Amino acid sequence: MHPAVPAAPRRGARGGGPRAGSELATEPLLAGVRTLNARRADARVLAEAWGRPTRTSEEQRLYRLADLAVPDPAPAGRARPATEADLPLLLEWVTAFKAEAGVPGSASEPVLRDRISYGGALLWERAGAPVSLAGFSRVLGSASRIGPVYTPPEHRGRGYAAGVTHAASEAAYATGAAEVLLFTDLANATSNGVYLRLGYTPVEDRTEIVAA
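Now for a quick tour of the structure. (Residues numbered from 1 in each chain as written. Predicted model: local features only at pLDDT ≥ 70, side-chain atom pairs only at ≥ 80, totals over all residues. Heavy atoms only, no water.)

**Comments concerning the packing of helix α3 (residues 87-101) against helix α4 (residues 109-117)**
So, point 1. Look at α3 against α4: their axes get within 10 Å of each other, and the N-to-C directions meet at 120°. By the angle between their axes, α3 is oblique relative to α4. Here α3 runs over α4; the crossing is right-handed. The residues of α4 that touch α3, namely those facing L87, L90, L91 and V94, are E109, L112, R113 and I116.
So, point 2. In terms of residue class, the contact of α3 with α4 is built from six nonpolar, no polar and two charged. (Axes fitted to C-alpha atoms, helices over the stretch in contact; angles between N-to-C directions. Helix = DSSP H or I, 4+ residues; strand = E, 2+ residues; numbered from the N terminus. Parallel < 35°, antiparallel > 145°, perpendicular 65-115°, else oblique. Left-handed = near helix turned anticlockwise from the far one by under 90°. Contact = heavy atoms within 4.5 Å. Nonpolar A, V, L, I, M, F, W, Y, C, P; charged D, E, K, R; others polar.)

**Describing the pairing of strand β7 (residues 179-185)**
So, point 1. Both strand β2 (residues 54-65) and β7 contribute to a ladder of five bridges, which runs antiparallel. Looking across to β7, one finds that Q60 is bridged to D185.
So, point 2. Pairing between strand β6 (residues 143-150) and β7: three bridges, direction parallel. Counterpart to S144 in the pairing with β7 is V180.
So, point 3. As a crossover connection, the stretch from β6 through helix α5 (residues 160-174) into β7 is right-handed. (Pairing = 2+ DSSP bridges. Right-handed = clockwise from strand over helix to strand, strands pointing away.)

**Quick look at the sheet that holds strand β3 (residues 78-81)**
So, point 1. Pairing is mixed across the open sheet formed by eight strands, whose spatial order is β1-β8-β2-β7-β6-β5-β4-β3. Only two strands of the sheet have a single partner each, and these edge strands are β1 (35-39) and β3. Within the sheet, the average angular offset between the axes of one strand and its neighbour, ignoring direction, is 30°.
So, point 2. Here β2 pairs with strand β8 (residues 200-211) via eleven bridges, running antiparallel. Among the inter-strand pairings, E59 is bridged to a residue of β8, identified as T207.
So, point 3. Sitting on the sheet, helix α6 (residues 189-198) touches β2, β6, β7 and β8, and the angle it makes with β7 is about 160°.

**Description of the pattern of salt bridges**
So, point 1. Taken as a whole and judged by the stated rule, the model has 14 salt bridges.
So, point 2. The partner of D86 in a salt bridge is R80, with the nearest N and O atoms 2.8 Å apart. Note on accessibility: D86 and R80 belong to one class, buried.
So, point 3. E204 is paired through a salt bridge with R206; the nearest N and O atoms lie 2.6 Å apart.
So, point 4. Owing to a relative accessible area of 8%, R206 belongs among the buried residues under this scheme. (Salt bridge = Lys/Arg side-chain N within 4 Å of Asp/Glu carboxyl O. Buried < 20%, exposed > 50% of the residue type's maximum accessible area, 1.4 Å probe, protein only.)

**Considerations on the nonpolar core**
Among soluble globular proteins, nonpolar side chains are generally buried collectively.
So, point 1. F136, I146, V180, L182, Y195 and Y200 are the most contacted members of the largest nonpolar core, which totals 23 residues.
So, point 2. Elements with a minimum of two residues in this core: β2, β4 (121-126), β5 (129-136), β6, α5, β7 and α6.
So, point 3. Non-local contacts of Y200, meaning those with residues more than four positions away in its chain, are made with Y63, R64, L65, I146, S169, V180, L182 and Y195.
So, point 4. The next biggest cluster of nonpolar side chains, apart from the first, holds 13 residues, and it includes L90, A107, L112 and A121. (Core = buried A, V, L, I, M, F, W, Y, C linked by side-chain atoms within 4.5 Å.)

**Quick notes on unusual backbone geometry**
So, point 1. Looking along the chain, the bond that leaves D72 and enters P73 is cis, with omega of 5°.
So, point 2. For P73, the position within the fold is in the loop between β2 and β3.
So, point 3. The step from G147 to P148 runs through a cis peptide bond, and the omega angle for that step is -5°.
So, point 4. Take P148: it is sitting in strand β6.

Spelled out as structure tokens, the structure:
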């Protein structure tokens, strides 16, 4: 889960590269922008042209689901849609997810209520107790994005994230998505391995740059 930020246009596109970077520095409507999420090469160009100190906060990889594979070995438990009764738990877990990801702020209750309304938040349960969470967005165009995916530290290493991500991917298709996408932190080898085994394929690498 990452803040909505302007992405760099394709290299060579009109108005991209250094020109876009200079517009970030001079355009009043963009004065409040502090974070850029762009293709890795474009991010470097934009950072150089931005005219302010920056730092790289995260290297991400965009994945697209090709052929969904069942987790092997299958984790114990089952997935179910989250309900209004689960809202306090979702608020707690999404806030914890944001803290681990370095995203400021806490979980949004209206956003989570909306997720619940269309079945866009799934919990993995074992012995009747929730142990992992995966969400997916409403379909925009033809695509849905998986996230957040979160397992509390005490439940990690048991395959629950794979199980609930598989269920969320199926549910995204069931709501009409033709494409299912997700972002992951390149530094998290475990998450990248899980998504590859589920049938996700890399599309491109992106860099998140923050004004220092």
